[in-house]
Every structure is written in structure tokens, then in C-alpha cells.
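Fold and contact review
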Amino acid sequence: LLPTQASPSFGIANTLRTDGMDFSENIGFVTLSSRRSATYQHIRKAIETDLDDDCFEMVDGKRRGWKFYVPKLGPVSIKQEVKIGPVLEFLRSTTNNSLLGNGSASNPLKIVIMDR
């Protein structure tokens, strides 16, 4: 399914190195009801329910643990996922990387995750 204008897109990339997005692999996308209010918690729930297990490395038959990663800042803890608030606003305030996108269907917001 392709995202629609009414469904903001969030591309999910799994980073192989944590010093930038040059070494990332696109593992899929999720859509959420609002690009302005979507939080890391909303995105985590969408990833866990919408992406197939084969998008992730498996360990003992389960998805390997992962964390969100913010370019230039580092990994996002589960506790921070609750506190940070809307992801688009947060990323706009912490990075000027135009490759992150704006959350539209034609320019999805790129969310980076990393293995734990």
C-alpha cells in the first residue's frame, strides 16, 4: 500500500553505524494519523504492528531489540520516547539534515533505528 496525503509517512531505516545516515538501510515504512503529533511511542507501536518480522534481525525466534537513533545526538531511551513529544518538531529543533524529510507522502520523515 502506498501512503496517502491524509496518512503521513515515516520511513524506517536501520543504521549500521551511528555516526550518520550514510550507512543505513531502508527496512520499510509506517503511516500514522498525524505527522505533527506523532511521538516515538506512536511510531514504535506502528513499527511493531505494521512491519513484518523479516524486516528485523531475529534472535532465538524473536525480533532483536532496537532503539530509535537521532543523528548528531545518539540513541533515544525508552524513557525519552515518553518525554520528547512530537517527533517532527523534535527533529526539526535538533538537526538541520534535509534528508530526514517532512512527513509528507512525497518526502517521508526518515526515522533511524539501531540494534541494541
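About the thresholds
- Residues numbered from 1 in each chain as written.
- Predicted model: local features only at pLDDT ≥ 70, side-chain atom pairs only at ≥ 80, totals over all residues.
- Heavy atoms only, no water.
- Helix = DSSP H or I, 4+ residues; strand = E, 2+ residues; numbered from the N terminus.
- Buried < 20%, exposed > 50% of the residue type's maximum accessible area, 1.4 Å probe, protein only.
- Areas by Shrake-Rupley, 256 points an atom, 1.4 Å probe, with all protein chains shown as cover.
- Phe/Tyr/Trp six-rings, centres within 6.5 Å; stacked < 30°, edge-to-face > 60°.

1. As for the overall build of the protein
- On a plain count of helices and strands, the protein comes out with three helices and seven strands.
- Traced from its N-terminal end to its C-terminal end, the protein shows the element sequence β-β-α-β-β-β-β-α-α-β.
- Of all 116 residues assigned to the protein, the portion counted as buried reaches 39%.
- Accessible area for the protein stands at about 7,100 Å²; split by element, carbon and sulfur atoms hold 49% of it.

2. Quick word on the packing of aromatic side chains
- The full count for this structure, using the stated rule, is three aromatic pairs.
- Ring centres of Tyr-40 and Phe-68 lie 4.6 Å apart, and the angle between their planes is 45 degrees; on these two criteria the pair is classed as tilted. Of the two residues, Tyr-40 is situated in helix α1 (residues 40-50) and Phe-68 in strand β5 (residues 66-70); the sequence distance between them amounts to 28 residues. Phe-68 matches Tyr-40 in its accessibility class, with the two residues each being buried.
- Ring centres 5.1 Å apart and planes at 90 degrees place the aromatic pair Trp-66 and Phe-68 in the edge-to-face group.

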